[in-house]
Amino acid sequence: MFLVVFSYLLSKSTKKSIHWGNPISISIEPTTACNLRCPECPSGLRSFTRDQGNLKSDFFDTVLTELAPTLSYLIFYFQGEPFLNKQLLAMIQKAHEKGVYTATSTNAHFFDPETAEKTVKSGLDRCIISIDGTTQDVYEQYRKEGQLQQVIEGTKNLIEARKKLQSSTPTIIFQFLVVGPNEHQMDEVVALAQTLGVDEVKFKTAQIYDYQHGSPLIPQNEKFSRYKKNKDGSYSIKNTLVNHCWRLWHSAVITWDGWVVPCCFDKDASHKLGQVKSNSFHDVWKGSNYQAFRKSIIKSRSEIDICTNCTEGTKVWA
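What counts, and where the lines are drawn
Residues numbered from 1 in each chain as written. Predicted model: local features only at pLDDT ≥ 70, side-chain atom pairs only at ≥ 80, totals over all residues. Heavy atoms only, no water. Axes fitted to C-alpha atoms, helices over the stretch in contact; angles between N-to-C directions. Helix = DSSP H or I, 4+ residues; strand = E, 2+ residues; numbered from the N terminus. Parallel < 35°, antiparallel > 145°, perpendicular 65-115°, else oblique. Left-handed = near helix turned anticlockwise from the far one by under 90°. Contact = heavy atoms within 4.5 Å. Nonpolar A, V, L, I, M, F, W, Y, C, P; charged D, E, K, R; others polar. Salt bridge = Lys/Arg side-chain N within 4 Å of Asp/Glu carboxyl O. Pairing = 2+ DSSP bridges. Buried < 20%, exposed > 50% of the residue type's maximum accessible area, 1.4 Å probe, protein only. Polar contact = N/O pair within 3.5 Å; in protein donor to acceptor, adjacent residues only side chain to side chain.

A. Representation of the packing of helix 5 (residues 113-121) against helix 7 (residues 148-164) within the structure. Two elements in contact, helix 5 and helix 7, have axes separated by 8 Å at closest approach and are oriented at 55°. Between helix 5 and helix 7, the angle falls in the class oblique. Crossing handedness for the pair helix 5 and helix 7: right-handed. For the pair helix 5 and helix 7, contact is made by Pro113, Ala116, Glu117, Thr119 and Val120 and by Asn157, Leu158, Ala161, Arg162 and Lys164, respectively. A class-by-class count of the residues in the contact of helix 5 with helix 7 yields five nonpolar, two polar and three charged.

The following block contains the structure:
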């Protein structure tokens, strides 16, 4: 961790791509499939141009064996609904047994009592539940084809399983994606979380693909919007695109079929930096494609398509 942090700070100060150490955090994709049709999500829109499928446990075992000795945080999520992969909990348990902190993000439609118990027993450390409304009519405006009552019942089942098994994990977090149709329910979701016994509520700003001309999904409360309205009526992203990005130094994303991509903003895997089914992750992480991408970030981040609608790269030491 020291090597990664120090090399990042050195790269920032020298404007040169210097990278030491192994990733601290990895996201791995259990599946590209989803049961919902959210309007700003390629899984929901069924709009992927890349191959689709499920992460296989034997491939996961290979990746975990290589990365576990220096890995702190493993996120079982990229695109899709993780619990549609029937091998998910077995893979989480393997990571847990190797001492890696595990997390996932779910729409919570699959937490029947049995699955909830298996989730707790797997050793999952952190479970983020997407809940973007406190009434069905508001919830379904973004979580299209979703059922709020299933989310609430699934949450109850997970909390009950945790109590039954006398476990302190997983930490259960309600994630509320703030959009125009639901911003008036922010206080209500906090109250709902407290009633259910959810550990934490996090409000998240929404990424809008075609934001320049405005969108009903952009909230009125600018604090929870990634975009600002200009004098001519158009919209622009609020943050300044600085020429560095912490994510390129400390983390990576691995797709279900083994492609390594820079970060979660590359949803369609348009920037493939290497393939870990035919190469070791270390060879990809230190390889020429990764080095060239880090150099391009330092040279001119505004010229990289996935960076132009990103607020994440400026959050750490910016």
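B. Just the pattern of salt bridges, in detail. All chains considered together, the criterion is met by ten salt bridges. We note a salt bridge from glutamate 29 to arginine 50, for which the minimum N-O separation is 2.8 Å. Placement of glutamate 29 in the loop between strand 1 (25-28) and helix 2 (42-45) and of arginine 50 in the loop between helix 2 and helix 3 (57-67) is noted, with a sequence separation of 21 residues between them. The structure contains a network of salt bridges with shared partners spanning Glu117, Lys121 and Lys164.

C. Spatial organisation of the sheet that holds strand 2 (residues 73-76). Taken in spatial order, the nine strands make up an open sheet running 6-5-4-3-2-1-9-10-11, and their pairing is mixed. Sheet topology places strand 6 (200-205) and strand 11 (274-275) at the edges, where each strand pairs with a single neighbour. In this structure, strand 3 (residues 101-106) lies alongside strand 4 (residues 126-130), joined through four bridges in parallel fashion. Considered in strand 4, the bridge of threonine 106 is made with isoleucine 129.

D. Up close: the environment of glutamine 166. Locating glutamine 166 in the fold gives a position in the loop between helix 7 and strand 5 (171-178). Note on glutamine 166: relative accessible area 76%, which makes it exposed. Separated by 46 residues in the primary sequence, glutamine 166 and valine 120 have C-alpha atoms spaced 9.7 Å apart.

E. Spotlight on the environment of serine 7. Structurally, the position occupied by serine 7 is in helix 1 (residues 2-14). Relative accessible area serves as the criterion here: at 0%, serine 7 is assigned to the buried category. Counting along the chain gives 242 residues from serine 7 to tryptophan 249, while the straight-line C-alpha distance between them is 8.1 Å. Among residues more than four places away in sequence, those in contact with serine 7 are Ile18, His19, Trp20 and Trp249. For serine 7, the side chain forms a polar contact with the main-chain oxygen of valine 4, separated by 3.0 Å.

It is worth stressing that arrangement in space is one thing and function is another; only the former is reported here.
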